[in-house]
Amino acid sequence: MSVEFRILLVCTANICRSAMAQVIAEAMLNSAHLPVVTGSAGVHALVGQPMAPHAITALHRLGLDGRAHRARMLDLDLVSSADLLLTMEAGHRAVAVGIDPAAERKTFTLPEFAQLAAGAGHRRYRSDTAERARAIVESAAERRDVRRVLEVYDPYGGPYEGYEACTKTLGEALSHALGALLGPR
């Protein structure tokens, strides 16, 4: 098994939510000892397009830069190579699992995983290891309640304030999710 842990963030066009989530996650993981590779994709990606202007502005106000992002399409290679897929909506999760049914136990909406991972201690693993992170994902899959799926609101096409609210939602959920994966510091 790889010592690296791969997280794929998924939304619709890959120019807003998943793209912003990737930039935020990379900033949060900057000092992590666990080698985490993040990526993002869209189920109906606007391939090659940059991040939405309001998304870039919202990230900039956090001191982050999303200008290098280019959208890409979700595909089998991306799904199968990820250790954890964090989607913005239940429909995105369904598409990912439809592409690769083996991904069912490692694919969650971001808020769903943040909530489930927070309750998974896994003290038997050393912090900051891919083995521990994979055990957290498996524990979350065992405790999933498919009747109550949490999602991230899509601000695309709306006013700037929606993007700002979205970055806050993403930051909070990623903080919980990544904190659980990395363990106590």
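Structure shown above.
Summarised in this report is the structure supplied together with it. Computed from a prediction, not measured in an experiment: that's the story for all the values here.

Of the regular secondary structure elements, the protein holds seven helices and four strands. When the helices and strands of the protein are listed from N to C terminus, the series reads β-α-β-α-α-β-α-β-α-α-α. Computed over the C-alpha atoms, the radius of gyration of the protein is 15 Å, within 12% of the 16 Å expected from 2.2 N^0.38 for a compact globule of 185 residues. Taken along its principal axes, the extent of the C-alpha atoms in the protein is 45 × 35 × 30 Å. Counting across all 185 residues of the protein, residues that qualify as buried make up 52%. Pairs at least 24 apart in sequence give 75% of the contacts found in the protein among residues at least 6 apart. By element, 53% of the accessible surface of the protein is carried by carbon and sulfur atoms, the whole surface being about 9000 Å².

Right, let's get into unusual backbone geometry. Backbone geometry places N14, a non-glycine residue, at a positive phi of 65°. Here N14 is to be found in the loop between β1 (5-11) and α1 (17-28).

To continue, consider helix α6 (residues 130-142). A rise of 1.5 Å per residue sets the reference length of α6, with its 13 residues, at 18 Å; its end C-alpha atoms lie 19 Å apart and thus fit the reference within 8%. Burial within α6 is extensive, with 10 of its 13 residues counted as buried. The complete set of buried residues in α6 reads A130, R132, A133, R134, A135, I136, V137, S139, A140 and A141.

Quick look at the environment of T57 now. Its location among the elements puts T57 in helix α2 (residues 53-60). Judged by relative accessible area, T57 falls into the partly exposed class, the value being 33%.

At a closest axis distance of 9 Å, the pairing of helix α5 (residues 110-118) and α6 adopts a crossing angle of 105°. What the angle tells us is that α5 and α6 run roughly perpendicular. Here α5 contributes F113, L116 and A117 to the contact with α6, which in turn contributes I136, V137 and A140. The class makeup of the residues in the contact of α5 with α6 is six nonpolar, no polar and no charged.

Glancing now at the packing of aromatic side chains. Using the criterion set out here, one finds one aromatic pair in the structure. Ring geometry for F108 versus F113: centroids 5.1 Å apart, planes at 55°, classification tilted. Across the pair, exposure class does not vary: F108 and F113 are buried alike.

This next bit is on the nonpolar core. Counting 46 residues, the largest nonpolar core has F5, L84, F108, F113, L170 and L181 as the members making the most contacts within it. Elements with a contribution of two residues or more to this core: β1, α1, α2, β3 (84-87), α5, α6 and α7 (160-182). In this structure L84 touches F5, R6, I7, L8, K106, F108, F113, V137 and L181, once residues within four positions along its chain are discounted. Counting residues in each nonpolar core, the second largest holds 11 residues, with L8, L78, L85 and A96 among its members.

Among the surface-exposed residues, L76, V95 and I99 lie close enough to one another that they form a single nonpolar patch of about 210 Å² accessible area. Along the chain, L76 turns up in helix α3 (residues 76-81).

Side chains carrying opposite charge are able to pair once their charged atoms draw close together. Evaluated as defined, the whole model comprises seven salt bridges. Ionic pairing is found between D154 and R17, a salt bridge with its closest N-O pair at 3.4 Å. A residue pair is termed long-range when its members are at least 10 positions apart, and D154 in the loop between α6 and α7 and R17 in helix α1 qualify at 137 residues. D154 gets classed as partly exposed once you look at its relative accessible area, which sits at 28%. Given the relative accessible area of 1%, R17 is considered buried. Notably, a salt bridge pairs D83 with R134, separated by 3.0 Å at the nearest N-O pair. You can see D83 sitting in the loop between α3 and β3 and its partner R134 sitting in helix α6, a full 51 residues away along the chain. Beyond isolated ion pairs, a larger network of salt bridges with shared partners links R17, E89 and D154.

What counts as what
Residues numbered from 1 in each chain as written. Predicted model: local features only at pLDDT ≥ 70, side-chain atom pairs only at ≥ 80, totals over all residues. Heavy atoms only, no water. Helix = DSSP H or I, 4+ residues; strand = E, 2+ residues; numbered from the N terminus. Rg over C-alpha atoms; globule rule 2.2 N^0.38 Å. Buried < 20%, exposed > 50% of the residue type's maximum accessible area, 1.4 Å probe, protein only. Contact = heavy atoms within 4.5 Å. Areas by Shrake-Rupley, 256 points an atom, 1.4 Å probe, with all protein chains shown as cover. Expected span 1.5 Å × (residues − 1). Axes fitted to C-alpha atoms, helices over the stretch in contact; angles between N-to-C directions. Parallel < 35°, antiparallel > 145°, perpendicular 65-115°, else oblique. Nonpolar A, V, L, I, M, F, W, Y, C, P; charged D, E, K, R; others polar. Phe/Tyr/Trp six-rings, centres within 6.5 Å; stacked < 30°, edge-to-face > 60°. Core = buried A, V, L, I, M, F, W, Y, C linked by side-chain atoms within 4.5 Å. Patch = residues over 30% accessible without salt bridge, like charges linked within 9 Å, V, L, I, M, F, W, Y side chains within 5 Å. Salt bridge = Lys/Arg side-chain N within 4 Å of Asp/Glu carboxyl O.

Any functional reading would require information that these geometric values do not contain.
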